[in-house]
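Each chain is listed here by its residues.
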Amino acid sequence: MSGNPPLVSIVLPTYNEAGNIVDIINALHQCITHPHEIIVVDDNSPDETWRIVEEIVLSNPFVRIERRMQNPGLTRSIQHGIDRARGGIICWMDCDFSHPPETMAQLISHVMEGHDLAVASRYIAGGQYKSGLQWFGADESALAVLLSRFINVGIRWSLDPRFHDYTSGFIAVRRHILDRNRLTGDYGEYFMDIMYRAILQGHRYKEIPFVSPPRRSGVSKTGTTFRQLFWRGTKYLRTLFKLWGLRWRRVERVAVQR
Ligand SMILES: Nc1nc2c(ncn2[C@@H]2O[C@H](COP(=O)(O)OP(=O)(O)OP(=O)(O)O)[C@@H](O)[C@H]2O)c(=O)[nH]1
Ligand SMILES: [Mg+2]
(Lines give C-alpha, C1' and ligand atoms only; values in the text may rest on other atoms or scores of the structure.)
(Ligands and ions follow the chains in the order given, each with its own letter.)
Protein backbone atom coordinates (compact mmCIF):
# COMPACT_ATOMS: atom_id res chain seq x y z
CA MET A 1 0.00 0.00 0.00
CA SER A 2 1.42 3.42 -0.95
CA GLY A 3 1.25 6.78 0.89
CA ASN A 4 0.15 7.23 4.49
CA PRO A 5 -1.55 4.29 6.16
CA PRO A 6 -5.32 4.82 6.38
CA LEU A 7 -6.92 5.76 9.68
CA VAL A 8 -8.23 2.72 11.54
CA SER A 9 -11.62 3.01 13.28
CA ILE A 10 -12.32 0.54 16.06
CA VAL A 11 -15.98 0.28 17.04
CA LEU A 12 -16.61 -1.08 20.54
CA PRO A 13 -20.26 -1.97 21.27
CA THR A 14 -20.88 -1.96 25.02
CA TYR A 15 -23.66 -2.82 27.41
CA ASN A 16 -22.68 -2.95 31.08
CA GLU A 17 -18.95 -3.20 30.49
CA ALA A 18 -17.86 -0.83 33.28
CA GLY A 19 -15.40 -3.43 34.59
CA ASN A 20 -13.67 -3.88 31.19
CA ILE A 21 -13.89 -0.66 29.20
CA VAL A 22 -10.89 1.25 30.61
CA ASP A 23 -8.55 -1.72 30.29
CA ILE A 24 -9.73 -2.62 26.80
CA ILE A 25 -9.24 0.94 25.50
CA ASN A 26 -5.76 1.12 27.06
CA ALA A 27 -4.79 -2.30 25.72
CA LEU A 28 -5.97 -1.45 22.18
CA HIS A 29 -4.19 1.90 22.21
CA GLN A 30 -0.95 0.17 23.20
CA CYS A 31 -1.22 -2.69 20.68
CA ILE A 32 -2.28 -0.73 17.62
CA THR A 33 0.61 1.16 16.11
CA HIS A 34 -1.34 2.60 13.15
CA PRO A 35 -3.22 5.91 13.50
CA HIS A 36 -6.57 5.02 15.04
CA GLU A 37 -9.79 6.20 16.61
CA ILE A 38 -11.88 4.20 19.10
CA ILE A 39 -15.65 4.67 18.98
CA VAL A 40 -17.50 3.26 21.97
CA VAL A 41 -21.20 2.73 21.20
CA ASP A 42 -23.06 2.25 24.45
CA ASP A 43 -26.78 1.49 24.79
CA ASN A 44 -27.20 3.70 27.85
CA SER A 45 -25.83 0.99 30.16
CA PRO A 46 -27.30 0.98 33.67
CA ASP A 47 -23.76 0.51 35.05
CA GLU A 48 -22.86 3.83 33.35
CA THR A 49 -20.14 2.49 31.06
CA TRP A 50 -20.88 5.61 28.95
CA ARG A 51 -19.99 7.90 31.86
CA ILE A 52 -16.60 6.21 32.30
CA VAL A 53 -15.92 6.70 28.59
CA GLU A 54 -17.01 10.35 28.76
CA GLU A 55 -14.23 10.82 31.35
CA ILE A 56 -11.69 9.05 29.12
CA VAL A 57 -12.66 11.21 26.12
CA LEU A 58 -11.67 14.39 28.01
CA SER A 59 -7.97 13.48 27.97
CA ASN A 60 -7.80 11.10 24.98
CA PRO A 61 -8.83 12.70 21.68
CA PHE A 62 -8.63 9.38 19.83
CA VAL A 63 -11.62 8.09 21.86
CA ARG A 64 -15.26 8.94 21.07
CA ILE A 65 -18.46 7.98 22.83
CA GLU A 66 -21.84 7.40 21.22
CA ARG A 67 -24.53 6.95 23.86
CA ARG A 68 -27.67 5.50 22.29
CA MET A 69 -30.94 6.15 24.06
CA GLN A 70 -33.36 4.28 21.79
CA ASN A 71 -33.76 0.99 20.04
CA PRO A 72 -30.96 -0.94 21.79
CA GLY A 73 -29.25 -3.86 20.12
CA LEU A 74 -25.82 -5.18 19.22
CA THR A 75 -26.12 -5.07 15.42
CA ARG A 76 -27.68 -1.60 15.44
CA SER A 77 -24.91 -0.38 17.76
CA ILE A 78 -22.11 -1.67 15.54
CA GLN A 79 -23.80 -0.14 12.45
CA HIS A 80 -24.18 3.14 14.35
CA GLY A 81 -20.41 3.12 15.00
CA ILE A 82 -19.65 2.24 11.37
CA ASP A 83 -21.82 5.17 10.20
CA ARG A 84 -19.75 7.54 12.34
CA ALA A 85 -16.32 6.04 11.62
CA ARG A 86 -13.82 8.21 9.72
CA GLY A 87 -11.29 5.48 8.94
CA GLY A 88 -10.53 3.66 5.72
CA ILE A 89 -10.33 0.45 7.75
CA ILE A 90 -13.14 -0.31 10.19
CA CYS A 91 -12.96 -2.95 12.94
CA TRP A 92 -15.09 -4.18 15.77
CA MET A 93 -14.85 -6.65 18.63
CA ASP A 94 -16.39 -7.62 21.98
CA CYS A 95 -15.24 -5.58 24.98
CA ASP A 96 -15.11 -8.33 27.58
CA PHE A 97 -11.56 -9.56 26.79
CA SER A 98 -12.87 -12.69 25.10
CA HIS A 99 -11.47 -10.95 21.99
CA PRO A 100 -7.78 -10.29 22.77
CA PRO A 101 -6.62 -6.77 21.76
CA GLU A 102 -3.32 -8.15 20.35
CA THR A 103 -5.30 -10.17 17.82
CA MET A 104 -7.00 -6.96 16.65
CA ALA A 105 -3.55 -5.54 15.85
CA GLN A 106 -2.84 -8.62 13.70
CA LEU A 107 -6.18 -8.30 11.88
CA ILE A 108 -5.42 -4.68 11.01
CA SER A 109 -1.98 -5.64 9.66
CA HIS A 110 -3.55 -8.21 7.33
CA VAL A 111 -5.93 -5.62 5.88
CA MET A 112 -3.07 -3.10 5.58
CA GLU A 113 -1.16 -5.76 3.62
CA GLY A 114 -3.94 -6.07 1.04
CA HIS A 115 -6.80 -8.25 2.26
CA ASP A 116 -10.33 -6.81 2.11
CA LEU A 117 -11.38 -8.46 5.36
CA ALA A 118 -9.49 -10.15 8.18
CA VAL A 119 -11.38 -12.27 10.68
CA ALA A 120 -10.24 -13.85 13.95
CA SER A 121 -11.40 -17.45 14.11
CA ARG A 122 -11.88 -19.91 16.97
CA TYR A 123 -12.38 -22.79 14.58
CA ILE A 124 -9.14 -23.04 12.62
CA ALA A 125 -5.91 -24.70 13.77
CA GLY A 126 -4.53 -22.74 16.72
CA GLY A 127 -7.92 -21.27 17.66
CA GLN A 128 -10.00 -22.23 20.68
CA TYR A 129 -13.36 -21.25 22.18
CA LYS A 130 -13.75 -20.48 25.89
CA SER A 131 -10.32 -21.61 26.98
CA GLY A 132 -10.34 -21.99 30.76
CA LEU A 133 -14.12 -22.36 30.90
CA GLN A 134 -15.23 -24.28 33.96
CA TRP A 135 -18.14 -26.46 33.02
CA PHE A 136 -19.62 -26.41 36.49
CA GLY A 137 -20.16 -23.28 38.52
CA ALA A 138 -19.13 -20.95 35.69
CA ASP A 139 -21.14 -17.88 34.63
CA GLU A 140 -21.19 -18.92 31.02
CA SER A 141 -23.41 -21.79 30.05
CA ALA A 142 -21.86 -24.92 28.64
CA LEU A 143 -25.09 -25.32 26.65
CA ALA A 144 -24.47 -21.96 24.95
CA VAL A 145 -20.90 -22.97 24.05
CA LEU A 146 -22.07 -26.28 22.63
CA LEU A 147 -24.88 -24.63 20.71
CA SER A 148 -22.52 -22.04 19.26
CA ARG A 149 -20.21 -24.82 18.03
CA PHE A 150 -23.13 -26.77 16.59
CA ILE A 151 -24.60 -23.70 14.85
CA ASN A 152 -21.22 -22.87 13.37
CA VAL A 153 -20.69 -26.32 11.89
CA GLY A 154 -24.19 -26.23 10.36
CA ILE A 155 -23.77 -22.74 8.92
CA ARG A 156 -20.32 -23.48 7.58
CA TRP A 157 -21.36 -26.56 5.65
CA SER A 158 -24.51 -24.92 4.28
CA LEU A 159 -22.71 -21.77 3.07
CA ASP A 160 -19.02 -21.82 2.12
CA PRO A 161 -16.93 -24.35 4.13
CA ARG A 162 -13.67 -22.65 3.15
CA PHE A 163 -14.55 -20.00 5.74
CA HIS A 164 -14.68 -21.29 9.32
CA ASP A 165 -16.06 -18.93 12.00
CA TYR A 166 -19.39 -17.50 10.84
CA THR A 167 -20.19 -16.17 14.35
CA SER A 168 -16.80 -14.63 15.13
CA GLY A 169 -17.77 -10.93 15.41
CA PHE A 170 -14.05 -10.06 15.55
CA ILE A 171 -13.03 -8.36 12.32
CA ALA A 172 -11.18 -5.67 10.40
CA VAL A 173 -12.71 -4.59 7.05
CA ARG A 174 -12.05 -2.11 4.28
CA ARG A 175 -14.59 0.66 4.41
CA HIS A 176 -15.91 0.25 0.85
CA ILE A 177 -17.26 -3.21 1.73
CA LEU A 178 -19.34 -1.73 4.55
CA ASP A 179 -20.51 1.11 2.29
CA ARG A 180 -21.98 -1.56 0.03
CA ASN A 181 -23.24 -3.93 2.73
CA ARG A 182 -25.07 -2.66 5.81
CA LEU A 183 -25.31 -4.92 8.84
CA THR A 184 -28.69 -6.56 9.24
CA GLY A 185 -30.15 -8.74 11.96
CA ASP A 186 -30.43 -8.54 15.67
CA TYR A 187 -27.51 -10.22 17.40
CA GLY A 188 -24.80 -12.67 16.31
CA GLU A 189 -26.48 -13.64 13.03
CA TYR A 190 -25.46 -10.33 11.43
CA PHE A 191 -21.91 -11.70 11.13
CA MET A 192 -22.71 -14.69 8.91
CA ASP A 193 -24.77 -12.33 6.76
CA ILE A 194 -22.04 -9.73 6.12
CA MET A 195 -19.33 -12.38 5.79
CA TYR A 196 -21.15 -14.56 3.29
CA ARG A 197 -22.21 -11.58 1.21
CA ALA A 198 -18.56 -10.44 1.12
CA ILE A 199 -17.51 -13.94 0.02
CA LEU A 200 -20.18 -13.99 -2.73
CA GLN A 201 -18.97 -10.59 -3.90
CA GLY A 202 -15.47 -12.04 -4.32
CA HIS A 203 -13.67 -10.01 -1.64
CA ARG A 204 -10.33 -11.34 -0.39
CA TYR A 205 -10.40 -12.48 3.20
CA LYS A 206 -7.90 -13.82 5.69
CA GLU A 207 -8.75 -15.90 8.76
CA ILE A 208 -6.32 -16.01 11.66
CA PRO A 209 -6.69 -18.18 14.79
CA PHE A 210 -7.39 -16.82 18.23
CA VAL A 211 -8.00 -18.34 21.64
CA SER A 212 -11.14 -16.93 23.23
CA PRO A 213 -11.19 -16.96 27.05
CA PRO A 214 -14.42 -16.40 29.04
CA ARG A 215 -15.28 -12.74 29.72
CA ARG A 216 -13.01 -11.08 32.29
CA SER A 217 -15.59 -9.03 34.23
CA GLY A 218 -19.38 -8.59 34.19
CA VAL A 219 -22.02 -10.92 32.81
CA SER A 220 -22.87 -12.23 29.37
CA LYS A 221 -25.67 -10.55 27.41
CA THR A 222 -26.30 -13.67 25.38
CA GLY A 223 -29.23 -15.58 26.82
CA THR A 224 -28.32 -18.93 28.27
CA THR A 225 -31.73 -20.46 29.03
CA PHE A 226 -33.04 -23.08 26.63
CA ARG A 227 -35.85 -20.78 25.46
CA GLN A 228 -33.44 -17.88 24.72
CA LEU A 229 -31.04 -20.19 22.92
CA PHE A 230 -33.91 -21.62 20.87
CA TRP A 231 -35.01 -18.14 19.71
CA ARG A 232 -31.46 -17.29 18.88
CA GLY A 233 -31.24 -20.47 16.81
CA THR A 234 -34.34 -19.52 14.79
CA LYS A 235 -32.77 -16.17 13.88
CA TYR A 236 -29.70 -17.93 12.51
CA LEU A 237 -31.94 -20.24 10.54
CA ARG A 238 -33.88 -17.32 9.04
CA THR A 239 -30.63 -15.64 8.00
CA LEU A 240 -29.44 -18.92 6.50
CA PHE A 241 -32.57 -19.14 4.30
CA LYS A 242 -32.04 -15.55 3.19
CA LEU A 243 -28.42 -16.26 2.24
CA TRP A 244 -29.39 -19.40 0.32
CA GLY A 245 -31.83 -17.22 -1.61
CA LEU A 246 -29.05 -14.77 -2.35
CA ARG A 247 -26.76 -17.53 -3.60
CA TRP A 248 -29.54 -19.00 -5.72
CA ARG A 249 -30.33 -15.65 -7.36
CA ARG A 250 -26.63 -15.16 -8.04
CA VAL A 251 -26.27 -18.59 -9.66
CA GLU A 252 -29.34 -17.85 -11.81
CA ARG A 253 -27.98 -14.45 -12.84
CA VAL A 254 -24.62 -15.92 -13.87
CA ALA A 255 -26.45 -18.64 -15.87
CA VAL A 256 -28.58 -16.01 -17.68
CA GLN A 257 -25.50 -13.91 -18.50
CA ARG A 258 -23.89 -16.94 -20.15
N1 LIG B 1 -24.29 -1.43 22.48
C2 LIG B 1 -24.61 -2.69 22.77
N3 LIG B 1 -23.65 -3.59 23.04
C4 LIG B 1 -24.02 -4.85 23.35
C5 LIG B 1 -25.36 -5.26 23.41
N6 LIG B 1 -25.40 -6.56 23.75
C7 LIG B 1 -24.13 -6.95 23.90
N8 LIG B 1 -23.28 -5.92 23.67
C9 LIG B 1 -21.83 -5.94 23.68
O10 LIG B 1 -21.44 -6.89 22.72
C11 LIG B 1 -20.31 -7.63 23.16
C12 LIG B 1 -20.65 -9.12 23.23
O13 LIG B 1 -21.58 -9.35 24.29
P14 LIG B 1 -21.43 -10.58 25.30
O15 LIG B 1 -22.37 -10.39 26.44
O16 LIG B 1 -20.00 -10.78 25.65
O17 LIG B 1 -22.01 -11.72 24.43
P18 LIG B 1 -21.26 -12.84 23.65
O19 LIG B 1 -19.78 -12.61 23.61
O20 LIG B 1 -21.99 -13.06 22.36
O21 LIG B 1 -21.63 -14.05 24.58
P22 LIG B 1 -20.73 -14.77 25.61
O23 LIG B 1 -20.06 -15.82 24.81
O24 LIG B 1 -21.71 -15.30 26.57
O25 LIG B 1 -19.77 -13.77 26.21
C26 LIG B 1 -19.89 -7.01 24.49
O27 LIG B 1 -18.94 -6.02 24.25
C28 LIG B 1 -21.21 -6.42 24.98
O29 LIG B 1 -21.03 -5.37 25.90
C30 LIG B 1 -26.38 -4.28 23.11
O31 LIG B 1 -27.56 -4.55 23.12
N32 LIG B 1 -25.94 -3.03 22.80
MG1 LIG C 1 -18.59 -12.22 25.33
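Residues numbered from 1 in each chain as written. Chains lettered and ligands numbered in written order. Predicted model: local features only at pLDDT ≥ 70, side-chain atom pairs only at ≥ 80, totals over all residues. Heavy atoms only, no water.

This part covers the site of ligand 1. Among the 20 residues in the neighbourhood of ligand 1, the closest are listed as Glu17, Asp43, Asp96, Ser220 and Lys221. Thr14 places a polar main-chain atom, nitrogen or oxygen, 3.1 Å from a nitrogen atom of ligand 1. Between ligand 1 and Arg215, the relevant distance is 2.9 Å, taken from an oxygen atom to a side-chain nitrogen or oxygen of the residue. Burial of ligand 1 by the protein chains amounts to 88% of its free accessible area of 630 Å². Breaking the shell around ligand 1 down by element, the ones donating at least two residues are β1 (8-14) and α3 (74-84). Among the residues forming the shell around ligand 1, the class breakdown is seven nonpolar, five polar and eight charged. (Near = heavy atom within 4 Å. Polar contact = N/O pair within 3.5 Å; in protein donor to acceptor, adjacent residues only side chain to side chain. Areas by Shrake-Rupley, 256 points an atom, 1.4 Å probe, with all protein chains shown as cover. Helix = DSSP H or I, 4+ residues; strand = E, 2+ residues; numbered from the N terminus. Nonpolar A, V, L, I, M, F, W, Y, C, P; charged D, E, K, R; others polar.)

Turning our eyes to something else, we now look at the environment of Ile56. Tracing the sequence through the fold places Ile56 in helix α2 (residues 49-59). Taking the relative accessible area as the measure of exposure, Ile56 reaches 14% and is therefore buried. Residues Ile56 and Ile25, 31 residues apart in the sequence, show an inter-C-alpha distance of 9.2 Å. The contact partners of Ile56, leaving out residues within four places of it in the chain, are Val22, Ile25 and Val63. (Buried < 20%, exposed > 50% of the residue type's maximum accessible area, 1.4 Å probe, protein only. Contact = heavy atoms within 4.5 Å.)

Ranked by size, the top nonpolar core spans 32 residues in total, and within it Trp92, Ile155, Leu159, Tyr166, Ile171, Met192 and Met195 carry the most contacts. Per-element accounting of this core gives the leading share, nine residues, to helix α7 (residues 189-200). In this structure, Ile25, Ile38, Phe170 and Ile208 belong to the second largest nonpolar core, which totals 31 residues. (Core = buried A, V, L, I, M, F, W, Y, C linked by side-chain atoms within 4.5 Å.)

To continue, consider the packing of aromatic side chains. Per the counting criterion, the structure on display carries eight aromatic pairs. With 5.3 Å between their ring centres and 90 degrees between their planes, Phe163 and Tyr205 make a pair best called edge-to-face. Placement of the pair is Phe163 in the loop between α5 (142-158) and β7 (171-174) and Tyr205 in strand β8 (residues 205-209), with a sequence separation of 42 residues. Its relative accessible area of 0% is what places Phe163 among the buried residues. What makes Tyr205 partly exposed here is its relative accessible area of 24%. With a centroid separation of 5.1 Å and an interplanar angle of 90 degrees, the aromatic rings of Phe170 and Phe210 are classed as edge-to-face. With Phe170 in the loop between α5 and β7 and Phe210 in the loop between β8 and β9 (211-212), this pair connects stretches of sequence that are 40 residues apart. Given a relative accessible area of 0%, Phe170 falls into the buried group. Taken together, the aromatic side chains of Trp92, Tyr190 and Phe191 make up a single cluster linked through ring pairs. (Phe/Tyr/Trp six-rings, centres within 6.5 Å; stacked < 30°, edge-to-face > 60°.)

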